[in-house]
Amino acid sequence: MGAREAGAGGKVTITEIARQAGVSVPTVSRVVNGRSDVSPQTRARVEDLLRRHGYRKRPTAPGTRAALLDLVFDDLDSPWAVEIIRGVEEVAHAAGVGTVVSAIHGRSGDAREWMRNLRARASDGVILVTSALDPTLHEELRILGVPLVVVDPAGSPSLDAPTIGAANWSGGLAATEHLLSLGHRRIGLIAGPPRLLCSRARLDGYRAALEGAGISPDASLVVTGDFRPESGFTACTTLLGLPEPPTALFAASDQMALGAIEALRRHGLRVPQDMSVVGFDDLPEVRWSAPPLTTIRQPLADMGELAVRTVLRLTRDEQPDSPRVELGTDLVVRASTAPPA
């Protein structure tokens, strides 16, 4: 890994330093990495700004073992995030590497504050989970020489970084085919936020299963949630208000499935006798729900483990076996699904 810069409390980005110096970002990169192809006057001007903003050179030799990784989420208020963290911590601890967990809440101000803190602590690598990183900040990571791995990318991979995800399309297909195999023909979907690639893939899998069974997808049976239980409760209530409610539900997250089950209970309906419910994630608590939830298991901890192994390889200037990895999902059948009444 190349030389990188760590702010001793720097208040501006390298992009801002380039602006103040009247040069391009690559020119600043050449200065901080000790390249010779910069004029003496430009070098002096950039180095002066770097000193004034508290940047210091921290060279690292190829093969140096990483000591600190940043794990960045959009939000942390979900058991889903805990499973990712568990996988990351297991591999990082075994490798003697510390981890710093942050949430940027999709706000540019939070993301920039995180970047300032990252420079100050001189992290060796970044794992970004279901978040979209501003291209300017991504460019700054590149200039600093900090490798990046993206877990469950929010959109179509556009960053020049390895990605690790799950087979969301086949998971959505398997969940819907399971309900079809039980005899359900009117199947509702509580979808995730459409801005997320995983949500769109699960929706596409649901539609593909219906079309494969000769059933035209009904747009009124698809309600969007945000992966949280409250949105599952609201979406299920909406579906129950249809003139012809579904006989089964596929919720694109376990938490939305649990919210839907509570909505059914409050309407005096039983699971699975009156409506079958399938979730997505296989979070630990769904084995103890009433009834235990049929769901699609995505290997969240495995995704975290692989992310650490990948970013550690990058810190050693080794390339991953594949820049795009998609881990398999599995149907786990429990007591929340049955043939329609």
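Residues numbered from 1 in each chain as written. Predicted model: local features only at pLDDT ≥ 70, side-chain atom pairs only at ≥ 80, totals over all residues. Heavy atoms only, no water.

(A) Structural detail: the packing of helix 7 (residues 168-181) against helix 8 (residues 197-212). Between helix 7 and helix 8, the least distance of the axes is 7 Å, while the angle of their chain directions is 40 degrees. Classified by chirality, the crossing of helix 8 by helix 7 is right-handed. Between helix 7, through Asn168, Trp169, Gly172, Leu173, Thr176, Glu177 and Leu180, and helix 8, the contact on the second element is made entirely by Cys198, Ala201, Arg202, Asp204, Gly205, Tyr206, Ala208, Ala209 and Leu210. In the contact of helix 7 with helix 8, the residues fall into 9 nonpolar, 4 polar and 3 charged. (Axes fitted to C-alpha atoms, helices over the stretch in contact; angles between N-to-C directions. Helix = DSSP H or I, 4+ residues; strand = E, 2+ residues; numbered from the N terminus. Left-handed = near helix turned anticlockwise from the far one by under 90°. Contact = heavy atoms within 4.5 Å. Nonpolar A, V, L, I, M, F, W, Y, C, P; charged D, E, K, R; others polar.)

(B) Geometry of helix 6 (residues 135-144). Among all positions of helix 6, only Leu137, His138, Glu140, Leu141, Ile143 and Leu144 are buried. Downstream of helix 6 by a residue or two, Gly145 has a phi angle that is positive, lying close to 80 degrees. (Buried < 20%, exposed > 50% of the residue type's maximum accessible area, 1.4 Å probe, protein only.)

(C) Region of interest: the nonpolar core. Ranked by size, the top nonpolar core spans 29 residues in total, and within it Val28, Trp114, Leu118, Val126, Leu141 and Leu148 carry the most contacts. Breaking this core down by element, the ones donating at least two residues are helix 1 (14-21), helix 2 (25-32), helix 3 (40-52), helix 5 (108-121), strand 5 (125-129), helix 6 and strand 6 (148-151). The contact partners of Trp114, leaving out residues within four places of it in the chain, are Asp70, Val72, Ser102, Ile104, Arg121, Val126, Leu133 and Leu141. (Core = buried A, V, L, I, M, F, W, Y, C linked by side-chain atoms within 4.5 Å.)

(D) Molecular detail of the side chain of Asp70. Take Asp70: it is sitting in strand 3 (residues 68-73). Of the polar contacts made by the side chain of Asp70, one reaches the side chain of Arg121; its length is 2.6 Å. Discounting residues that sit within four places of it in the chain, Asp70 has contacts with Val100, Ser102, Trp114, Leu118, Arg121, Ser123, Gly125, Val126 and Ile127. (Polar contact = N/O pair within 3.5 Å; in protein donor to acceptor, adjacent residues only side chain to side chain.)

(E) Spatial organisation of helix 8. With 16 residues, helix 8 should cover 22 Å at 1.5 Å per step; its first-to-last C-alpha distance of 22 Å lies within 8% of that length. Three or more residues of helix 8 are buried, namely Cys198, Ser199, Ala201, Arg202, Leu203, Gly205, Tyr206, Ala209 and Leu210. Where the residues of helix 8 are buried, they touch helix 7, strand 8 (187-191), strand 9 (222-224), strand 10 (248-251) and strand 11 (276-281). Backbone geometry just downstream of helix 8 places Gly214 in the positive-phi region, at approximately 80 degrees. (Expected span 1.5 Å × (residues − 1).)

(F) Quick look at the sheet that holds strand 13 (residues 324-327). Strands sit in the order 4-3-5-6-7-13 across an open sheet of 6 strands; the sheet is parallel. The open sheet has two edge strands with one neighbour each: strand 4 (98-103) and strand 13. Adjacent strand axes in the sheet meet at a mean angle of 20 degrees, parallel and antiparallel pairs treated alike. When strand 3 meets strand 4, the two strands line up parallel, connected through 6 bridges. Residue Val72 lies in a different strand from strand 4, and its bridge partner there is Ser102. Contacts from helix 5 reach strand 3, strand 4 and strand 5 within the one sheet, and its direction differs from that of strand 3 by about 170 degrees. Strands in contact with helix 11 (residues 300-315) are strand 3, strand 5, strand 6, strand 7 (163-166) and strand 13; relative to strand 6, the strand with the most contacts, it is inclined by about 165 degrees. (Pairing = 2+ DSSP bridges.)

(G) View of the sheet that holds strand 10. Judged by pairing direction, the sheet is mixed, and its 6 strands sit side by side in the order 9-8-10-11-12-14 without closing on themselves. Each of the sheet's edge strands pairs with one partner strand only, and the pair in question is strand 9 and strand 14 (330-332). Each strand of the sheet is rotated relative to its neighbour by a mean of 20 degrees, with strand direction disregarded. The sheet strands contacting helix 9 (residues 229-240) are strand 8, strand 9 and strand 10, and the helix crosses strand 8 at an angle near 150 degrees. Helix-sheet contacts for helix 10 (residues 254-266) involve strand 8, strand 10, strand 11 and strand 12 (294-297), and the interaxial angle to strand 11 is about 155 degrees.

As far as function goes, none of this settles anything; it's purely spatial.
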